[in-house]
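# Structural overview
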Amino acid sequence: MKKFRRLVQRGIHAVSAALLAALLLAACAIPKDKSEEKTGSYSDAAAEGTEQDVQTVESMHTQEPETAEGGETDGGEEAVTLSKGDHNGRYCYDTLTEEEQAWYADMYEIVDGMYTGAALSPQGYGTVAEQEIDRIFQCVMIDHPELFFVKGYSYTTYTRNEEIVKISFEGDYTMSAAERKQNQELIDAAVEACLAGIDSEASEYEKVKYVYEYIVLHTDYNQDAPENQNICSVFVGGESVCQGYAKAAQYLFDKLGITSTLVVGTVSDGQRHAWNLVWVDGESYYLDVTWGDASYRAYDKEENELPVPPINYDYLCVTTKELLQTHEPDNFVPLPECTATAANYYVMEGACFDSYEEEALTAFFNNASQEERVTVTLKCTSEEVYAAFFERLIENQEIFRYLDSGGGPITYAATPDRLSLTFWLVNE
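The rules we used
- Here, residues in each chain are numbered from 1, in the same order as that chain's written sequence.
- In keeping with the predicted nature of the model, local features appear solely for residues at pLDDT of at least 70, side-chain atom pairs appear and are counted solely at 80 or more, and the whole-chain, interface and lining totals rest on all residues.
- Values reported for side chains reflect all heavy atoms of the structure, with hydrogen atoms and water molecules removed beforehand.
- Put simply, DSSP H or I for four residues or longer makes a helix, DSSP E for two residues or longer makes a strand, and each gets a number counted from the N terminus.
- Burial here depends on accessible area, computed with a 1.4 Å probe over protein chains only, as a share of the maximum for the residue type. Under 20% is buried, over 50% is exposed, and the range in between is partly exposed.
- The term salt bridge refers to a side-chain nitrogen of Lys or Arg lying within 4 Å of a carboxyl oxygen of Asp or Glu.
- To pair, rings of Phe, Tyr and Trp, with the six-membered ring standing in for Trp, must have centres within 6.5 Å; the planes then decide the type, stacked if under 30 degrees apart, edge-to-face if over 60, and tilted in the middle.
- Across the chain, each position has a pLDDT score giving the predictor's confidence in that residue, from 0 to 100.
- We call two residues in contact whenever any of their non-hydrogen atoms come within 4.5 Å of each other.
- To get an axis, fit a line to the C-alpha atoms, keeping to the stretch in contact for a helix; angles then go from 0 to 180 degrees between the N-to-C directions.
- Note that the term roughly parallel is reserved for angles under 35 degrees, roughly antiparallel for angles over 145, roughly perpendicular for angles of 65 to 115, and oblique for everything else.
- Left-handed describes a crossing in which the near helix is turned anticlockwise from the far one by less than a right angle; the clockwise case is right-handed.
- Under the scheme applied here, ten amino acids are nonpolar (Ala, Val, Leu, Ile, Met, Phe, Trp, Tyr, Cys and Pro), four are charged (Asp, Glu, Lys and Arg), and all others, including Gly, are polar.
- A strand pair is defined by DSSP finding two or more bridges across the two strands.
- A helix's residues, less one, multiplied by 1.5 Å, set its expected span.

From N to C terminus, the protein includes 12 helices and 18 strands. Residues classed as buried in the protein amount to 54% of the 428 residues present.

Below is the structure:
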């Protein structure tokens, strides 16, 4: 829990603010029955109230009667020749078998082309269980944030002598091809403006940090935002929820050549949530852009009398151990154990302390002053070190020795579970 306080020399005035948790994804299990049509929703199950924050995929299945002996039906589908694009390196794709990958590639081509129906590769008939269609499609949607116009799918199975001879598959779309093109043009313009701010020589860490900060500073958390389950909400509307934030981050990482994926699960209060897994210099880390946004932390809360920093860096490149303090992934696909700390924000910014040393603190705050930082955040490596920092800087008010307040108050945010402290000045 993050607590906000204001420090005034020789006096402390306290104001508390609760950390808001996320409403997210509700993965509806869709049963498949060959004798009847089944449907399921991708957006109607929210973690709280009627809000929608994380979705599963809408599906529909039809079982066609067997054809005559030796006969075969075409199902009236489009005559489509599917090209097998290269999906190697896509996180979920790489977890599938060769036959499942063939269906994954077919599904992607079908929905990307907005076809009304095309046959899945016979390669999977008799090898891939029909029930796996939903899981494979989920993999497609997780791997490809650019499919913002897709909300679900339907398929029809054709049999001969109780053996599958064809599976016809098609997507369910939220907009027409013309509307998709119009939205893509708006997304392209927004992404171009975003990426123009990145140095061509930026390191992988600098690219990840830039994306994290850019989305936070250009997006407001709003559960009522249109298209809030996809990248349109962020790049076109500037408002979204966790799945929109995470997919937008993934989309930008793709453009920058940074490997990443979408992760869904629950947070500490049981609500559904979405975040990212990202690779920096060959090591995996978690990051949660939504929880880095002050507008999320303040959403649906009484307005705080104190302004808060716009960015929280506690969830920029963290380990599995740190993540599991507040997040629990669904493990829809196997996830790596993230143990590296080299690209953690506090480590990279020289803001991680394993002891209270005045000389090191002086250098740290002097550097922050030279860089004209509005907010200064530091992290401790243990509860003992955190307790020492809290006592010295806050209870004993030694922060005024390091941070020039011009005689005014200093506001701080204490996050004991993350072992971090944030300080900033407030103009009254």
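After that view of the structure, there is still more to cover.
What follows is about the pattern of salt bridges. Tallying each qualifying case throughout the model produces 14 salt bridges. Taking the shortest distance from any N to any O, the salt bridge between E185 and K181 comes out at 2.7 Å. Placement of the pair is E185 and K181 together in helix α3 (residues 177–195), with a separation of four residues, close to one helical turn. Residue R392 pairs with E358 through a salt bridge whose shortest N-O separation is 3.0 Å. With a gap of 34 residues between them, R392 in helix α11 (residues 383–395) and E358 in helix α10 (residues 358–370) connect regions that are remote in the sequence. What you see here is one network of salt bridges that share partners, running through E358, R392, E398 and R401.

This brings us to the packing of aromatic side chains. Under the counting rule described, the total for this entry stands at 25 aromatic pairs. Look at F390 and Y412: their rings are 6.3 Å apart centre to centre, the planes differ by 80 degrees, and that puts the pair in the edge-to-face class. One end of the pair, F390, is in helix α11; the other, Y412, is in strand β17 (residues 410–415), and 22 residues separate them in sequence. Taking relative accessible area as the criterion, Y412 reaches 4% and is therefore assigned buried. Put simply, the rings of F353, Y356, F364, F365, Y386, F389, F390, Y402, Y412 and F423 touch in pairs and so form one group of aromatic residues.

Here we take up the confidence of the model for the protein. Summing up the model confidence of the protein, the mean pLDDT is 81 and the portion of residues at 70 or higher is 77%. Per-residue pLDDT stays below 50 along residues 8–52; that stretch engages in 141 contacts with residues further than four places along the chain or on separate chains. Note that residues 65–75 has pLDDT below 50 and, in this model, 18 contacts with residues that lie over four places away or in other chains.

With that settled, the discussion passes to the packing of α3 against helix α6 (residues 242–255). α6 packs onto α3 with a crossing angle of 65 degrees between their chain directions and a minimal axis gap of 11 Å. Put simply, α3 runs roughly perpendicular to α6. As α3 packs across α6, the resulting crossing turns out to be right-handed. Between α3 and α6, the residues in contact are Q184, I187, D188, V191, C194 and L195 and Y251, L252 and K255, respectively. In terms of residue class, the contact of α3 with α6 is built from six nonpolar, one polar and two charged.

Positive phi outside glycine occurs at D281, with the angle close to 50 degrees. Its location among the elements puts D281 in the loop between β11 (272–280) and β12 (283–287). Under the relative-accessibility criterion, D281 is labelled exposed at 60%. Positive phi values are uncommon outside glycine, yet N331 reaches one of about 60 degrees. The topology assignment puts N331 in the loop between β14 (327–329) and α9 (345–348).

Okay, the pairing of strand β6 (residues 150–160) next. Of all 11 residues that make up β6, nine are buried, and the element is covered over most of its length. In the sheet, β6 pairs with strand β7 (residues 163–173) via 10 bridges, with the strands oriented antiparallel. Each residue of the ladder has a partner; that of T159, found in β7, is I164. Linkage of β6 to β7, two consecutive antiparallel strands, is achieved through a turn of two residues, within which N161 is found at a positive phi near 50 degrees.

Turning to the pairing of β17, a few remarks are in order. Counting buried residues in β17 gives six out of six residues, a clear majority hidden from the surface. As paired strands, β17 and strand β18 (residues 420–425) are joined by six bridges and run antiparallel to one another. Counterpart to T411 in the pairing with β18 is W424. Hairpin geometry of β17 and β18 is characterised by an intervening segment of four residues between the two adjacent antiparallel strands and by a positive phi of about 60 degrees at L419.

End to end, helix α2 (residues 132–143) covers 17 Å across 12 residues, agreeing with the expected 16 Å (1.5 Å per residue, within 8%). Burial analysis of α2 places 10 of its 12 residues in the buried class, which makes it a mostly covered element. When we look at burial in α2, the residues that qualify are I133, D134, I136, F137, Q138, C139, V140, M141, I142 and D143.

Here five strands make up an open sheet; going across it, the order is β13-β12-β11-β10-β14 and the pairing antiparallel. Of all strands in the sheet, those bounded by a partner on one side alone are β13 (316–318) and β14. If you compare each strand with its neighbour and ignore which way they point, the axes differ by 45 degrees on average. One ladder, built from two bridges, connects β12 with β13; its direction is antiparallel.

Of note, F423 is situated in strand β18. Overall, F423 belongs to the buried group, its relative accessible area being 0%. Dropping the residues within four chain positions of it, F423 is found in contact with F365, V374, T375, V376, L378, L393, I394, I399, L403, I410, T411 and Y412.

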